[in-house]
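One letter stands for each residue in the lines below.
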Amino acid sequence: MEERYNFKAIEKKWQEIWDDEKVYKVEIDKNKEKFYALVEFPYPSGAGLHVGHPRSYTALDVIARKKRMQGFNVLYPMGFDAFGLPAENYAIKTGVHPAVSTKANIENFTRQLKSIGFSFDWDRCINTCDPEYYKWTQWMFIKFFEKGLAYKDKIAINWCPSCKVGLANEEVVNGHCERCGAEVVRKDKEQWMIAITKYADRLIKDLDDLDFIDRVKSQQINWIGRSEGAELDFEFGDDKLTVFTTRPDTAFGVTYMVLAPEHEFVQKYMDKFENQSEIRAYVEETAKKSDLQRTMSDEKTGVELKGVKAKNPYNGQMIPVFISDYVLTGYGTGAIMAVPAHDQRDYDFAKVFNLPIIQVLDGGDISEKAWEEDGKHINSGFLDGLNKDEAMHQAIDYAVKHGFGRAKVNFKLRDWVFSRQRYWGEPIPMVYCEKCGWQPIPESELPLTLPEVPDYHPNDEGESPLSKAGDWLNTTCPKCGGKARRETDTMPNWAGSSWYFLRYCDPHNDKEFASKEALDYWMNVDWYNGGMEHTTLHLLYSRFWHKFLYDCGYVPMPEPYKKRTSHGMILAENGEKMSKSRGNVINPDDIIDAYGADAFRLYEMFMGPFDQTAMWSDESLMGVYRFVGKVFGLFKKVYKNAKPSDKDLRAMHKCILEVSERIEQMRFNTAVSSLMTYVNYLSSLEKIAPELYEILLKLMSPFTPHLAEEMWARLGHNTFIVAETWPKGDAKLAEENTVTMAVQICGKMRGTVELPKDASREMAEKAALNLENVKKQLEGKEIKKVIVVPNKIVNIVAA
RNA sequence: GCGGGUGUGGCGGAAUUGGUAGACGCGUCAGACUUAGGAUCUGAUUUCGCAAGGAGUGGGGGUUCAAGUCCCUUCACCCGCACCA
């Protein structure tokens, strides 16, 4: 009876040995070049690991393992982003403390991750809900406060009237509460904000030097939304109404102005308006609308502020002013100058309200729609004859000279709403004193740990469950010693993840978040892989956070990540998203149980291009499972005294070159196919020379570490394969000494010729013309030209 | 609307600088070993055709001796953002 590969026993055996001997533990070693590989740490949900997680983890595990064999000192850590809503919801439902369920989930995740054989340094495992960790998150918040970047402001938040709780944007799904499905409304609430907008420009500019995939860069740039233009002041009664525009050159085409219904002038000058009740009704109506309703309606609505006109500073014309919900309060100044001839939104509005449309740029047919392209200016006074760019400059210069405007850059990016009315998050380390206002707690009191609360529901005013924390709430003011009350909101779950990669460098330090020595050695992250869904959230937040720490002098470089790549999603077999409700979730435990960790890892690498969406397929998984067995089976054909032929060596070197290159380029699917091709070749041999098999094991070890380790030991080695050196391919030895050249007539394939490598043009041409088929095809035709591409092709042009 | 991406066999997908389209895997078919096998091994497998030969990389056009690859145009789908002035 032939031995079959007992993956269960063998994988378990090696996992225990790696764990016991701490094979993947790393320390600072200044004699070695470091390599920091990072993957996004998971939220430890009750559902356990998703098959999507290992796609990213395996990819960087492959890279980390290869880098180790190439002599790098590799840091490849793992941890848990453990604060979050699901644990709290679970607590509300069952009464189980989030700390308890989270701990159990972390244990389950750890077991699962270990069962896949990742080469994480588990001694560096971190957990954001551990007070020893969040102490530093709180410490950093205080730094933000001290530098004036954390501030409290009353803003409109997403409010779920049914759950009585404020929701983060990401907790609102299509205008509805993610948890109960009720429609979300807007509610003004005091919130901690962090001034990420102060870094908007740098967050764009510094992308230039980073090796991020393009879609990440462009998505971040798009999200930050930089627009250059001007601020212009229009006379409005005795006051000035300031607008932001990207097209000051079209100022002569302004026929009216629009304010956001929330604009301060609406209330401030209410008594001057003739149609107050109409205005009030519109403002109220808008306030009641959700963002969703507000953006859904195609029809432009609004109300004129009758009785007041504004004056266009360029031509002195008096123009009407409206309020309309198509103007947003949060962007620019919350007011616009409307140029219906050259802006489609203004055009639509003007059509509804029968407002004049004055063309100031030549081109298009403005009886149809607005003309938004370039052209020569007309009806524009001193701008006539100029194109867009020139007119823009002149218009701004003119405004500056006459004191009613200035160049201005605006961003779509808003400051970061940092408060959550939640229990299961980092307490915000601030207290409120009647006399001294908001004060940070002294550093000596960190960490400020979460108190016990009677239940996890928010109260009727939508305050965090911490508002029920009794004694915990009352404290003294660190400044005056008087009575003070603690902040009851907690931080968003993006807080802990904004700096976790720094903590990995020095995870047990209780004096500072990480030592300078550790940061100097390990940072930056050399390669960070994660999901596209984090591009405008975690990835942007953490870049900002890191820049802030850099400005404070706490980290040695302005950007945290040198290189960012992103994996595609894994969908169910039918192309749908995997979800509990659809019942199509694949549990990694089941796969590992049935096929083993190595087959699972290999399959995730083989299933398709790494950066693209892939569909799960049990049948395809069978293929790599068979392949693992095949590699195991090859062992019995390895003979100590067998010597490799030149042909064998060619196959080997070709495989080394291809696998090495393709791993580096994250073309894992083709790296695996190179391995398969090599294995197919080895299978065809009677006897396999040991070195051919050893190389195979080394090349496979990043993908299938258990199998490689086992066979490496069976070959008689007593070292770990990870301590071996990565093989070097020799391009010369990989070359064939004969080549098959294609023979074409007028670009059509007519045959092939076998020739020694680098055969002369004449030789190739002669051999090609000698082919029977070629002779036949050429009968009665005249050869016009013969093109020979050495080692590739002979193309005979004939007519 | 704006930004990014993808279209290649029955399926997942390969194809350095333009140079033998379909590597590798799945599936299917045939055969071998088997009491049997969804196990293993061998072979075949883009399509039409007995063959010679033809067609073929979403569609149309172009450049070239030669196009999946370059240019123009068009269609379909996916992912972000979305009344951002």
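Given the structure is predicted, the values throughout are model-derived calculations rather than measurements.

Here the focus is the overall build of chain A. When you go through chain A residue by residue, the secondary structure sums to 25 helices and 30 strands. Along the first, second and third principal axes, the C-alpha set of chain A runs to 100 × 85 × 50 Å. Scored against the burial criterion, the 799 residues of chain A give a buried share of 55%. A separation threshold of at least 6 residues defines the contact pool for chain A, and within that pool the share at least 24 residues apart is 71%. Within the structure as shown, chain A displays about 36000 Å² of accessible surface, and the carbon and sulfur contribution to it stands at 49%. Between the mean site of the 104 positive side-chain charges and the mean site of the 118 negative ones, chain A shows a separation of 3 Å.

Moving on, we get to the packing of aromatic side chains. When we look at a pair of aromatic rings, we describe it by the centre distance and by the angle of the planes. For the coordinates displayed, the defined rule picks out 63 aromatic pairs. Geometrically, the ring pair formed by Tyr-398 and Phe-404 is edge-to-face, given 6.0 Å between the ring centres and 65° between the ring planes. Over the ring of Trp-122 we find Lys-114, and its NZ or CZ is 5.2 Å from the ring centre. One cation-aromatic arrangement involves Arg-564 over Tyr-528; the distance from NZ or CZ to the ring centre is 4.7 Å.

At a minimum axis distance of 7 Å, the contact between helix α17 (residues 597-606) and helix α20 (residues 668-683) shows a crossing angle of 120°. Here α17 lies oblique to α20, going by the angle between them. Of α20, the residues touching α17 (which contributes Leu-602, Met-605 and Phe-606) are Phe-668, Asn-669, Val-672, Ser-673 and Met-676. Partitioned by chemical class, the residues of the contact of α17 with α20 number six nonpolar, two polar and no charged.

Our focus in this paragraph is the packing of helix α18 (residues 618-634) against helix α21 (residues 690-700). Across the interface, α18 lies against α21 with an axial gap of 11 Å and an inter-helix angle of 150°. By the angle class used here, α18 and α21 are roughly antiparallel. Crossing of α18 over α21 shows left-handed handedness. Touching Phe-627, Val-631, Phe-632 and Leu-634 of α18 are Tyr-693, Leu-696 and Met-700, all from α21.

The environment of RNA strand B is made up of 51 residues, and the closest members are Thr-246, Lys-300, Arg-345, Lys-412 and Arg-667. Backbone atoms, meaning sugar plus phosphate, form 63% of the atoms of RNA strand B positioned within 4 Å of the protein. Between a phosphate oxygen of RNA strand B and a side-chain N or O atom of Asn-669, the distance comes to 3.1 Å. Of all the elements, α20 adds the most residues to the surface near RNA strand B, at six residues. Of the residues contributing to the surface near RNA strand B, the split by class is 17 nonpolar, 20 polar and 14 charged.

With that settled, the discussion passes to the environment of Asn-770. Counting through the fold element by element, Asn-770 comes out in helix α24 (residues 761-770). Since its relative accessible area comes to 48%, Asn-770 is described here as partly exposed. The spacing of Asn-770 and Asn-474 is 296 residues in sequence and 99 Å in space, taken between C-alpha atoms.

A few words on a negative patch on the surface. Where like charges cluster on the molecular surface, the negative patch consists of Glu-372, Glu-373, Asp-374, Asp-389 and Glu-390. Mapping Asp-389 onto the fold places it in helix α12 (residues 388-401). Residue classification places Asp-389 among the exposed residues on the basis of a relative accessible area of 52%.

Here the focus is the sheet that holds strand β1 (residues 34-39). With parallel pairing, the five strands of this open sheet are ordered in space as β2-β1-β23-β24-β10. One side of each edge strand has no neighbouring strand; the edge strands of this open sheet are β2 (73-75) and β10 (211-212). One ladder, built from three bridges, connects strand β23 (residues 527-530) with strand β24 (residues 563-566); its direction is parallel. Looking at β24, one finds that Gly-530 is bridged to Ser-566.

Moving on, we come to the pattern of salt bridges. Within the structure shown, the criterion is met by 44 salt bridges. For Glu-710, the salt bridge goes to Lys-13, with nearest N and O atoms at 2.8 Å. Remark: Lys-13 occurs in helix α1 (residues 7-20) and Glu-710 occurs in helix α22 (residues 705-714); sequence separation between them is 697 residues. The partly exposed category is assigned to Lys-13, whose relative accessible area is 35%. Close ionic contact of Lys-152 with Glu-487 constitutes a salt bridge, the shortest N to O distance being 2.8 Å. Linking Lys-152 in strand β5 (residues 150-160) with Glu-487 in the loop between β22 (483-486) and α13 (500-503), this pair joins segments that are 335 residues apart in sequence. The exposure class assigned to Lys-152 is partly exposed, which follows from its relative accessible area of 22%. Linked by salt bridges that have partners in common, Lys-22, Lys-25, Glu-27 and Asp-123 make up one network.

So, about the side chain of Arg-68. Inspection of the secondary structure assignment puts Arg-68 in helix α2 (residues 52-69). No salt bridge is formed by the buried Arg-68; the nearest opposite charge belongs to Asp-61, separated by 5.1 Å. A polar contact of 2.9 Å, which involves the side chain of Arg-68, links it to the side chain of Ser-119.

Strand order in this open sheet of four strands is β20-β19-β22-β21, and the pairing throughout is antiparallel. Edge positions in the sheet fall to β20 (437-440) and β21 (474-476), since each of these pairs with one other strand and no more. Geometrically, the sheet is characterised by an average inter-axis angle of 40° between neighbouring strands, direction not taken into account.

Our next topic: the nonpolar core. Residues Tyr-36, Phe-513, Trp-616, Phe-668, Tyr-693, Leu-696 and Phe-703 are the most contacted members of the largest nonpolar core, which totals 182 residues. The greatest single-element share of this core, amounting to nine residues, is contributed by α20. Residues within four places of Phe-703 in sequence aside, it is in contact with Val-62, Asp-598, Arg-601, Leu-602, Met-605, Val-659, Ile-663, Phe-668, Ala-671, Val-672 and Leu-675. Residues Phe-236, Leu-305, Tyr-314 and Phe-404 belong to the second largest nonpolar core, which totals 39 residues.

The element strand β15 (residues 318-323) is largely enclosed, with a buried count of five among its six residues. The pairing of strand β14 (residues 303-311) with β15 spans five bridges and is classified as antiparallel. Paired with Glu-304 across the two strands is Phe-322, which belongs to β15. From the end of β14 to the start of β15, which pair antiparallel, there are six residues, and Gly-316 there has a positive phi angle of about 75°.

Within the sequence span of helix α16 (residues 588-595), burial applies to Pro-588, Ile-591, Ile-592 and Tyr-595. Buried residues in α16, looked at end-on, bunch into an arc of 95°, giving them a common side. Summarising the contacts, the buried residues of α16 are in contact with α1, α4 (98-115), α17 and α18. Where α16 begins, the capping side chain belongs to Asn-587, and its oxygen is found 2.9 Å from the backbone nitrogen of Asp-589. Positioned one or two residues after α16, Gly-596 has a phi angle of 95°, which is positive.

Cut-off values and rules
Residues numbered from 1 in each chain as written. Chains lettered and ligands numbered in written order. Predicted model: local features only at pLDDT ≥ 70, side-chain atom pairs only at ≥ 80, totals over all residues. Heavy atoms only, no water. Helix = DSSP H or I, 4+ residues; strand = E, 2+ residues; numbered from the N terminus. Buried < 20%, exposed > 50% of the residue type's maximum accessible area, 1.4 Å probe, protein only. Contact = heavy atoms within 4.5 Å. Areas by Shrake-Rupley, 256 points an atom, 1.4 Å probe, with all protein chains shown as cover. Lys, Arg positive; Asp, Glu negative; His and termini not counted. Charge placed at Lys NZ, Arg CZ, Asp CG, Glu CD. Phe/Tyr/Trp six-rings, centres within 6.5 Å; stacked < 30°, edge-to-face > 60°. Lys NZ or Arg CZ within 6 Å of the ring centre and 35° of its normal. Axes fitted to C-alpha atoms, helices over the stretch in contact; angles between N-to-C directions. Parallel < 35°, antiparallel > 145°, perpendicular 65-115°, else oblique. Nonpolar A, V, L, I, M, F, W, Y, C, P; charged D, E, K, R; others polar. Left-handed = near helix turned anticlockwise from the far one by under 90°. Near = heavy atom within 4 Å. Polar contact = N/O pair within 3.5 Å; in protein donor to acceptor, adjacent residues only side chain to side chain. Patch = residues over 30% accessible without salt bridge, like charges linked within 9 Å, V, L, I, M, F, W, Y side chains within 5 Å. Salt bridge = Lys/Arg side-chain N within 4 Å of Asp/Glu carboxyl O. Pairing = 2+ DSSP bridges. Core = buried A, V, L, I, M, F, W, Y, C linked by side-chain atoms within 4.5 Å. Arc of directions from axis to C-beta.

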